[in-house]
Amino acid sequence: MGKSDEMVTPGDVLGRATELKPGKGAYVASQNNTIYASLTGFRRILLPTPDSPDQRPIVEVTGHKAHGPVPEPGSVVIARVTKVTARTASADIMCVGPKSVREKFTGIIRQQDVRATEIDKVDMHLSFHPGDIVRAVVLSLGDARAYYLSTAKNELGVVSAESSAGATMVPISWTEMQCPLTGQIEQRKVAKVVS
Amino acid sequence: MEIKQSSSPTSFIDSTVVPGDVVLDLSSMTNQTIKLGGGLRQDCDAISAMKAGTLRFSKPNKYWIESSQKRYVPCVEDTVLGIVVDSKADNFLIDIKGPALAFLPVLAFEGGTRRNIPKFEVGTLLYLRVVKANFGMNPELSCTDASGKAAEFGPLKDGYMFETSTGLSRKLLSSPTCPVLEALGKKLSFEIAVGLNGRVWVNAASPDTIVVAANAIMNSESLSTAQQIIMVEHLLKNIQ
C-alpha cells in the first residue's frame, strides 16, 4: 500500500476472490470469482485485521476527488426543505454526518415520518416551511427520485428557520419558534437543542 | 428638503395608500393589541402597506387594505368559482385564478366515499370553498361547508360565467344588497353565483335576461348607487 497505486475505472479487474476480499468500490462476480471495480479511483489494498477469521487482504477503490459522502440508511443528515405539500415535504440533503456532500441528493419526509405520535393528524404546513434547515435520519434509499427521511425523534426536526419578517427564529418549544424582530410565533416541528 | 413627520394614524384610515407607506407607528400606541389584515406588514415598530389601496379600520382593532384587482390571492374560507383543469387519483386540479392550481380532494363532497366519486369533465364550473391556503403550497378546496353539508357547493349547470375584478365581487356579496342587484331583481328573475376570485355566474330562463344581467353587473363597478339604478333602467328599457 502506498507504492504507485494504479488508477482503475468501473469494470477493471482488481484480482481474484480467492486471494482478495472486495471493499469499498469493488464487487465480486460470482460466475468467475473475480473482483471488479465499480467506481473510478485508485486501487488500494488494506491488510486484514489480525483477529478476523478471513485473512484475505481487502482491495478497495478510493481517493478520487468526486467521492463525496453518500447518505446511507441510518445516517443523520442536514437538509434544506424545498417544497411542502399536503402529505410530503421535499428536501435537498446538504450534509451527511459532519461532511458536506459533493453532489445533489433529494430526500422526502412523508406525513407519517414527521413525528412519532398522532401521525395521521400531522399538518405538514405546521411542521415545515420551504427554506427551513432540518436534521433528519435516512430511513431507506427510497424510490428513484428521493431518499426517505424521518424526523420522528426529539433531536430531529427544524434546526433553523426564517420568519416571514426575514429574521432567524428562536425555538421556544417543540412546536413553536418565535421571530426576534416582530415577536410572531410560527409553528414548526422543532429539533431539541443539544446543549 | 423637508423631512415630513409621520402623521397620526387616523389620517390614513379610509385614504389611499401605496406600498411602502408607514401607516401606523406602534411606538405611539402602547398596550393595544391590533389585528392586521391583508396588505399590511410589520417591521419592528412600524406597520407598512404592501398593497396599493384604501386603508380600512373596523372597531375595535382591525386594520386592513382594500383594493380591487384582477388577480386573486387565495384565502381560507373564501367561496370561489373554479374550473376543472385535470383530475388525478386523489384530487381534481382546479383553476381559481390564483398563482397556483388548487386541489379539490375527490372525497370532499357530502356523503363522498371511494365508491361514489363524482366525474367532472375538464371545463366544468364549480362553486367551492377554500379550506387551506398556505404560502408556497397549492390551495385546497372543498365542496362542503365546515359541517360537511353540501350547502349549494358543487357544479353549476347552464348559465353564463364572466370574469370581473375582486373588488366588484366583494361589492356584489356585501349586505345590504348591492344596488345593481336590487334594481335587476325588481324586474328580472335570475340566479347568480359570485366567486370572491373575480368570477360571476348568471343563469335565467331566457338568454336575453342573462345578457342584460351580465352587462349590468359588469358596468356597475365604478358607478355610484344612483348611477347604477339609472344604468339598469336604461338597459331594461331595451328588452321591454
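From a predicted model like this one, the values you see are computed outputs, not experimental measurements.

J.: Help me out: how do you make sense of the overall build of chain A in this one?
T.: In terms of regular secondary structure, chain A is built from 0 helices and 16 strands. Against the compact-globule benchmark of 16 Å for 195 residues, chain A has a radius of gyration of 22 Å, which places it well outside the compact range. Along the longest, intermediate and shortest principal axes, the C-alpha atoms of chain A span 65 × 35 × 35 Å. Counted over contacts in chain A with a minimum sequence separation of 6, partners at least 24 positions apart contribute 49%.

J.: Help me understand the environment of Leu 47 of chain A, please; the structure alone is not making it clear to me.
T.: Locating Leu 47 of chain A in the fold gives a position in the loop between β6 (41-46) and β7 (58-62). In sequence terms Leu 47 of chain A and Gln 178 of chain A are 131 residues apart; their C-alpha atoms lie 54 Å from each other.

J.: Whenever I open this one, the UniProt feature "domain: Exosome complex component N-terminal" (unreviewed entry) in chain A confuses me. Can you help?
T.: Within this numbering scheme, the UniProt entry marks residues 7-45 of chain A as carrying the feature "domain: Exosome complex component N-terminal" (unreviewed entry). Overall, residues 7-45 of chain A shows 0% helix and 54% strand. The separation of its end C-alpha atoms is 13 Å.

J.: Please clarify how unusual backbone geometry should be interpreted in this entry.
T.: Excluding glycine, most residues fall at negative phi; most peptide bonds, likewise, are trans. All names here are of chain B. Each neighbour pair has its own omega, and for Lys 59 with Pro 60 the value is 0°, a cis peptide bond. Considering the arrangement of structural elements, one finds Pro 60 in the loop between β6 (53-58) and β7 (62-66). Residues Ser 175 and Pro 176 are joined by a peptide bond in cis, for which omega reads 5°. Position of Pro 176 among the secondary structure elements: in the loop between α1 (166-173) and α2 (179-187). The phi dihedral of Glu 152 falls on the positive side, at around 70°, and the residue is not glycine. Mapping Glu 152 onto the fold places it in the loop between β12 (140-142) and β13 (154-155). Even without a glycine there, the phi angle at Asp 158 is positive, about 55°. Mapped onto the elements, Asp 158 comes out in the loop between β13 and β14 (160-163). With a relative accessible area of 64%, Asp 158 lands in the exposed category.

J.: Is there a simple way to think about the packing of α2 of chain B against helix α4 (residues 225-239) of chain B in this case?
T.: Relative placement of two packed helices is described by the angle separating their axes and the distance separating the axes. Residue and element names in this part refer to chain B. Packing of α2 against α4 brings their axes to within 8 Å, and their N-to-C directions diverge by 30°. Crossing of α2 over α4 shows right-handed handedness. Across the interface between the two elements, Pro 179, Val 180, Ala 183, Leu 184 and Lys 187 of α2 pack against Thr 225, Gln 228, Met 231, Val 232 and Leu 236 of α4.

J.: Before we go on, may I ask you to explain the UniProt feature "domain: K Homology" (unreviewed entry) in chain B in this structure?
T.: Annotation from UniProt places "domain: K Homology" (unreviewed entry) at residues 159-207 of chain B. Helix makes up 37% of residues 159-207 of chain B and strand 33%, whereas the separation of the span's terminal C-alpha atoms amounts to 9 Å.

J.: Can you help me understand the packing of aromatic side chains in this one?
T.: Aromatic rings in a pair are described by how distant their centres are and how their planes are angled relative to each other. A complete count under the given rule lists 7 aromatic pairs over all chains for this structure. Pairing Phe 109 of chain B with Phe 120 of chain B gives two aromatic rings, centres 5.8 Å apart and planes at 50°, and the pair type is tilted. Within this pair, whereas Phe 109 of chain B is found in the loop between β10 (102-105) and β11 (125-132), its partner Phe 120 of chain B is found in the loop between β10 and β11, the two being separated by 11 residues in sequence. Ring-pair connections join several aromatic residues into one group, and the members of that group are Phe 92, Phe 109 and Phe 120 of chain B. Above the face of the Tyr 148 of chain A ring, Arg 110 of chain A is positioned so that its terminal group lies 4.2 Å from the ring centre.

Rules and cut-offs
Residues numbered from 1 in each chain as written. Chains lettered and ligands numbered in written order. Predicted model: local features only at pLDDT ≥ 70, side-chain atom pairs only at ≥ 80, totals over all residues. Heavy atoms only, no water. Helix = DSSP H or I, 4+ residues; strand = E, 2+ residues; numbered from the N terminus. Rg over C-alpha atoms; globule rule 2.2 N^0.38 Å. Contact = heavy atoms within 4.5 Å. UniProt positions renumbered as here; feature names shortened; annotations may be inferred. Buried < 20%, exposed > 50% of the residue type's maximum accessible area, 1.4 Å probe, protein only. Axes fitted to C-alpha atoms, helices over the stretch in contact; angles between N-to-C directions. Left-handed = near helix turned anticlockwise from the far one by under 90°. Phe/Tyr/Trp six-rings, centres within 6.5 Å; stacked < 30°, edge-to-face > 60°. Lys NZ or Arg CZ within 6 Å of the ring centre and 35° of its normal.

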